Every structure is written in structure tokens, then in C-alpha cells.
Amino acid sequence: EVQLVESGGGMVQPGGSLRLSCAASGFTFSIFDMAWVRQAPGKVPEWVSSINTDGGSTYYANSVKGRFTISRDNAKNTVFLQMNSLKPEDTAVYYCAAGITGSYDYWGQGTQVTVSS
């Protein structure tokens, strides 16, 4: 059974940091590109960041560039999202996704991130 399980969300004050993790199982993690996508209440999903199979290439939305860092550990089948300098507009449910051919086939259940004073 394919599973993507996100963790690390929570509530943080503006300017704070969180580190999200996504643990994968049930498929060959190392051959899948990975991504983080977020959805704020009442808004369409927004792609945040993605990383290729060996971690050598990373991509970021302009809204998070310079503040967020995506990484992966293929030995542990886990992808991470380090989020620094968080802003209230980063509040959303964050999902991790796995894909091979440019579309994302597998999705996690999401973890809530709330940035508020």
C-alpha cells in the first residue's frame, strides 16, 4: 500500500520556523520526484517546492524562495521542507506528493501549518 505521511506541522508565530517531514512507503521512493503543495482556506492549491530523484535539483515558488528549503533522504524514504521566516500568508495545509512523469501520482493526507501571533 502506497503511503505518504506528513508530520511537523503546527502553530508558530510570524518569523518562526517549522520543519515538515513526509515519510513514504509502498513504492520505490528513490525514483520519484517529490513536491510540497499547500492549500489555504478558500484558495486553490499552490505548488510550493519540488526536488528531483537524487536531490540535485530543487525548485521553489517565488512566494517561498529564500525562506524554504526542500531536501530528501533516499535511505530513509523521507522528504523534508524546512520553513524559516514564516509569514501569516504561509498558513495552509501542506501536502507532499510523489510523481515520475511530471504529474504527481501519490499524495499525503496533509499537515496543518498556522502562522499567527
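Here the structure is shown first, and the text comes after it.
Residues numbered from 1 in each chain as written. Predicted model: local features only at pLDDT ≥ 70, side-chain atom pairs only at ≥ 80, totals over all residues. Heavy atoms only, no water.

Points about the overall build of the chain
Our working definition: Elements are defined by DSSP. Helices are runs of H or I of four residues or more, strands are runs of E of two residues or more, and each kind is numbered from the N terminus. To sort residues, take the accessible area from a 1.4 Å probe on protein chains only and compare it with the maximum for the residue type: under 20% means buried, over 50% means exposed, and anything in between is partly exposed. Any two residues having at least one pair of non-hydrogen atoms within 4.5 Å are treated as being in contact. Only the protein chains shown count as covering a residue, and every accessible area follows the Shrake-Rupley method with a 1.4 Å probe.
Each helix and strand in the chain was counted, giving zero helices and eleven strands. Counted from the first residue to the last, the chain has its helices and strands arranged as β-β-β-β-β-β-β-β-β-β-β. Within the chain, the fraction of its 117 residues that count as buried is 42%. Summarising the internal contacts of the chain: among those between residues at least 6 apart in sequence, 52% fall at separations of at least 24. Surface exposure of the chain reaches about 5900 Å², of which carbon and sulfur atoms provide 49%.

Side note on the sheet that holds strand 3 (residues 18-25)
Rule in force here: Between any two strands, pairing holds if DSSP finds at least two bridges. An axis is simply a line fitted to the C-alpha atoms; with a helix, the fit covers only the stretch in contact. Between two such axes, the angle follows the N-to-C directions and lies from 0 to 180 degrees.
Spatially, the four strands line up as an open sheet ordered 1-3-8-7, and their pairing is antiparallel. Of all strands in the sheet, those bounded by a partner on one side alone are strand 1 (3-7) and strand 7 (68-73). Geometrically, the sheet is characterised by an average inter-axis angle of 15° between neighbouring strands, direction not taken into account. Two strands pair when backbone bridges link them, and strand 1 and strand 3 are joined in this way by five bridges, in the antiparallel orientation.

Quick word on the nonpolar core
Short version of the rule: What we call a nonpolar core is a set of buried Ala, Val, Leu, Ile, Met, Phe, Trp, Tyr and Cys residues that are connected through their side-chain atoms within 4.5 Å.
Within the largest apolar cluster, 29 residues are counted, with the highest numbers of intra-cluster contacts made by Trp36, Val79, Leu81, Met83 and Tyr94. The contact partners of Val79, leaving out residues within four places of it in the chain, are Leu20, Ser21, Cys22, Phe29, Met34, Trp36, Ile51, Ile70, Ser71, Arg72 and Cys96.

None of the figures reported here should be taken as evidence of function without further support.
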